[in-house]
Amino acid sequence: MRFVWIIAIAVPLFAQTAEECQKHEHYGRRSEARQCFEKLTGSANSATKAEGFWGLRQFKEANNAFRLAVATAPKNASYRVRWGRLLLDRFNAKDAADLFQEAVELDPKNAQAALGLALVASDGFDSKAVGMANKALELDPKLTEAQELLASLALEDNTPEKAIAEAEKALKMSPESFDGMAILGTIDLLRDKKSTPWFDAILKINPVYGEGYAIAGKFFVLNRRYVEGIEYYRKAIALSPDDSASRAQLGVNLMRLGEEKEGREQLMKCFDEGFRNALVTNSLTLMDSYKNFLTFKTENTIVKVHKKEADLIHPYVEAELKRAIATYEKKYKMKLPGPVQVEVYPDHEDFAVRTMGMPGLGALGVTFGNVVAMDSPSGRRPGTFHWASTLWHELSHVYVLSATKHRVPRWFTEGLAVHEETAAAPDWGDRLDPEAIRAIKEKKLLPIATLDRGFIRPTYPTQVVVSYFQAGRICDYIAKTWSYDKLLDMMHDFAQNTTTSEVVEKELGMKPEEFDKKFIAWLEAQTKSTVDGFDDWKKKIRLLTESAKSGPPDVVIRAGLLIRDVYPDYVETGSVYELLYDAYLAKGDKPNAMAQLEKYSAVGGRSSTLIKKLAALQEEAGKKKEAAASLERLNYIYPFDEELHRRLGGLWLDQGNTKGAVAEFSAVIASKPLDQATSHFNLARALKSDNRTEDAKEQLLLALEAAPGYKPAQHLLLEMSGK
Amino acid sequence: MAAAAEVGCSLKLASLLLFSALSAHATTFCVTIAGLGGEPEYEQRFATWAKEIDQTLKGAGPDVKSETLSGPDATRARFRAALESIAKEAKPQDSLVVMMIGHGSFDNVDYKINLPGPDVSATELAALLDRIPAGRQLVVNMTSASGGSVHALQKPNRTVITATRTGSEKNATVFARYWVEALRDAAADTDKNEVITALEAFKYAELKTKQFYETQKRLSTEHAALDGGNQQGPLLAARFSLLRIGSIQNAAKDPAKQALLAKREQLEAQIDQLKFQKAATPTDEYKKRISALLLELARTQAELDK
């Protein structure tokens, strides 16, 4: 609980006492504080009584007392503010915000209410937090806590100089501003200074004040320096063993790094002590579900997948992980110190637990040190998620974080990861989407020096997505204009705790502002036809869609060809490619229908249905190699498709790719097909072609066990048994 | 199925022979009806499914008599007339299949299929079916709320398949789409005996329907049922041959091969028995015995196919 001077909420007799209680706490006199709070609980004033219960951590009683206080004095804004602060401490931000808002309505000049709203916004990494904190300071220029919050927000935005200035202001307002000191100390630590005076300064005033280290822990975690973050949380709870919030963070971050045993112990302790916020309960629930996961280990990989889909997904994930590791070892010119752990969650809610409380992290995958957690493709609709692209993205983070010892701005590691997606395969990665087009058109892209803010504290709903796009294109631009090695040089500079501005100047030989101008000019030139034509394209595709419902195919084709290349990256449902494909097919023009889908696939279209149609047309046209390549793309998008594996297995077998055929027909079996006999028989054929005779016989017997009269399998059995 | 490379993805097309299990002279009567769609999308969807079933049946051989009603033809009068006509013609050794596509409703008392003009209730349909002397009957009611028709339609010699378990599952169904697919996909013949039974088609459509909802990340609003979940249902359905494929009948017509046929049947029975005892048999022994039996069966079949 933060130290807050309580004013004007209690009757005179107890007002001083309440303040005294807080003072005891401030100076670490726990026993005295406790006695003081106990006295408060005997107060006739409900609000004072509530403060007493709150101080004694009797939250339910405190909540009841505040409810009574507000009912007794409904016009008292301060009661609502204090009640709101209690609720905010006890994980109920929504009701807290309502109370702060009610307080503002009762008393528009209530600085504490404005501060409360700022704290709620800050908890949710909402960009309004800064404005609300400033508002609180306008209303009460001596409100140190608001000033401390501004320092914290500036550091969250990765603007340490500003954070220092704000923290120093807080210390001018109150020389005993613990949070101000903690922010200054944290900045020293983040900058790898060998020592910092600030934590000792806090402890001189309050020898048991662990929250200073908790602030350091929070910022190390936000900067993805989890190991150090964990150490500071340990220091925090060593000083304040009752600080369940820090203990919860310790537990969660241990879990993030794969230290599940201790992580669970810490979280259980929080739970047992009544600290049961969403982070604690969801994390424990997730850990309980680990019994349903299987772990597969190799020399350099650990793959954790749900039992129900392990047979199918594990071989693909492991193979792709190994391929990515081999590629990145060459690209980043380094080896990782240990194996990479990849956790694949079929339930998105489980995955979401892994990112709780972390701003700007991907919605599909997340990396903590050497641990990658990601959605399983089974958890999403086919065509909406490219799991392999996500895996390569996250693995890039593992390398960049390892190479920089986690000292890297968010924009750079995300940008490089986005760049790597398309470098792995041109049709991977995300396309130019309408949000990015709008941002380019409306000049909403951020300067490189402050791009991190777009990830952490977005000012418009799609800014995180746009920031990923921008960061990726910045890395594309640097690789193209300078070289890929220049990106590596920048990465190594960041490892020295250098700022973006310094790195840009050093490596690219220009000021960040100049870089911004050149980059924007490059990006605008690249996207000009799409950005300029976007509004017109939107109108025309609507007309085209209507026309496709009943119009003659020739009309659709003529209109479609006119707009298709205005926005070639649009490969979502109802794309021009799809409409043209339908129109050509309606005319019986299969070659042109196929050509549309080939373009669609090359640009990055991900619809399983359309790509399977493309493969069928290619196969029909005798382009079996291309058909196999089309189907193989789907393995990286939605491998939970028995038909896909069966068709691809057949194509591989035709082309003599026996290992590919074995893999695909094995995937059919893993899909638990209805037609067991054919599935085992197909695998037997592939194994036989791969000279694995005994395995082939095994499969053949399984086929015949399911269907004893299955003639093709009988023929093969006779053939393999020498009749 | 001749070429091994085609296995698993080919369609059963011209070689389909329908419902000829009982005797060379038995006839299978089929009536398919696609009711009102209400919206153009559903109208088209229902008509397409009915048409696909019709095409399959038309290619099924001379022992099949089929009538398909869709669009404006799918009226109560036409439906009744089709069934009344069969009632006059059918004999006890014949089979009857009624397939219903469309929207249905259930008012907690009776089920109705929505048709242009007056609807037909399950009670009315049951009365019509009861008048048909065909000894084996199959009703495949693929409409929404079709579960509500089970009670009225159930009868000892009649298998009832419904797209929904109860009458309260009222959303439009996709089961029919996969039932149509089952009649055309060789994969539905899971025991590879060249016959697709009602049970195999049901299991195929049921699984595909389930996968449809899982893949689309939609809450499943239909749960197919066989005889309303009656334990005896699968047994009856397993004996109801829907489609026959290929050369299976030819051997039966050749007196010279009767001994081989008898041997094959014996081996099949031994395999079934061994599979039944699998859990109680040591793994190595099971494997040895089943391998020997399967090899012998393959040899016998090869002789039969000569």
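This text follows the structure it describes.
Residues numbered from 1 in each chain as written. Chains lettered and ligands numbered in written order. Predicted model: local features only at pLDDT ≥ 70, side-chain atom pairs only at ≥ 80, totals over all residues. Heavy atoms only, no water.

Engineer: I would appreciate a short explanation of the state of the cysteines in the present structure.
Structural biologist: Any covalent bond linking the sulfur atoms of two cysteines counts as a disulfide. Residues and elements named next belong to chain A. Under the criterion given, the structure shown has 1 disulfide over all chains. Here Cys21 pairs with Cys36 through a disulfide, and the sulfurs are 1.8 Å apart. The chirality of the disulfide connecting Cys21 with Cys36 is left-handed, given an S-S dihedral of about -85°. Of this pair, Cys21 sits in helix H1 (residues 12-26) while Cys36 is found in helix H2 (residues 30-40), placing the two residues 15 residues apart along the sequence. No difference in accessibility class separates Cys21 from Cys36, as the two residues are buried. (Disulfide = S-S within 2.5 Å. Helix = DSSP H or I, 4+ residues; strand = E, 2+ residues; numbered from the N terminus. Buried < 20%, exposed > 50% of the residue type's maximum accessible area, 1.4 Å probe, protein only.)

Engineer: Would you mind showing me how to read the interface of chain A and chain B here?
Structural biologist: How big an interface is tends to be stated in terms of accessible area lost as the parts join. In this complex, chain A contributes 30 residues to the contact, which on the side of chain B involves 34 residues. Among the residues chain A hides against chain B, the three largest losses belong to A:Leu674, A:Glu705 and A:Lys711. Together they make up 24% of the total. At the surface where chain A touches chain B, the tally comes to 4 salt bridges. The partner of B:Lys278 in a salt bridge is A:Glu705, and the shortest N-O contact between them spans 3.0 Å. At the level of secondary structure, the elements contributing two or more residues to the side of chain A that touches chain B comprise helix H35 (676-689), helix H36 (693-706) and helix H37 (711-720) of chain A. Of the residues that constitute the side of chain A that touches chain B, the class distribution is 14 nonpolar, 7 polar and 9 charged. (Contact = heavy atoms within 4.5 Å. Buried area = accessible area lost by both parts, 1.4 Å probe. Salt bridge = Lys/Arg side-chain N within 4 Å of Asp/Glu carboxyl O. Nonpolar A, V, L, I, M, F, W, Y, C, P; charged D, E, K, R; others polar.)

Engineer: So what exactly am I meant to see when it comes to helix H22 (residues 434-441) of chain A here?
Structural biologist: The periodicity of an α-helix, 3.6 residues per turn, causes residues three or four positions apart to be oriented the same way. Residues and elements named next belong to chain A. Looking only at H22, the buried set comprises Ala436, Ile437, Ala439 and Ile440. Projection of H22 onto a plane perpendicular to its axis shows the buried side chains occupying an angular sector of 165°, all on one side. Here the buried face of H22 lies against helix H24 (463-481) and helix H27 (512-550). Just beyond H22, the residue with positive phi is Lys443, at close to 55°. (Arc of directions from axis to C-beta.)

Engineer: It is not clear to me how the nonpolar core should be interpreted in this structure. Could you clarify?
Structural biologist: Taken as a class, soluble globular proteins show a tendency for nonpolar side chains to be buried jointly. A:Tyr332, A:Trp411 and A:Phe515 are the most contacted members of the largest nonpolar core, which totals 199 residues. When near neighbours in sequence (up to four residues on either side) are disregarded, A:Phe515 contacts A:Ile448, A:Ile474, A:Tyr477, A:Ile478, A:Trp482, A:Val504, A:Leu508 and A:Met510. (Core = buried A, V, L, I, M, F, W, Y, C linked by side-chain atoms within 4.5 Å.)

Engineer: How do you make sense of the pairing of strand E2 (residues 28-34) of chain B when you look at a structure like this?
Structural biologist: Within a regular strand, side chains alternate between the sheet's two faces. Residues and elements named next belong to chain B. Counting buried residues in E2 gives 7 out of 7 residues, a clear majority hidden from the surface. The two faces of E2 match: Thr28, Cys30, Thr32 and Ala34 on one face and Phe29, Val31 and Ile33 on the other face are all buried. Bridge analysis of E2 against strand E3 (residues 64-69) gives 6 bridges, and the strand direction is parallel. Note that in E3 the partner of Thr28 across the bridge is Val64. Pairing geometry for E2 and strand E4 (residues 95-101), over 7 bridges, is parallel. Across the sheet, Thr28 pairs through a bridge with Ser95, a residue of E4. (Pairing = 2+ DSSP bridges.)

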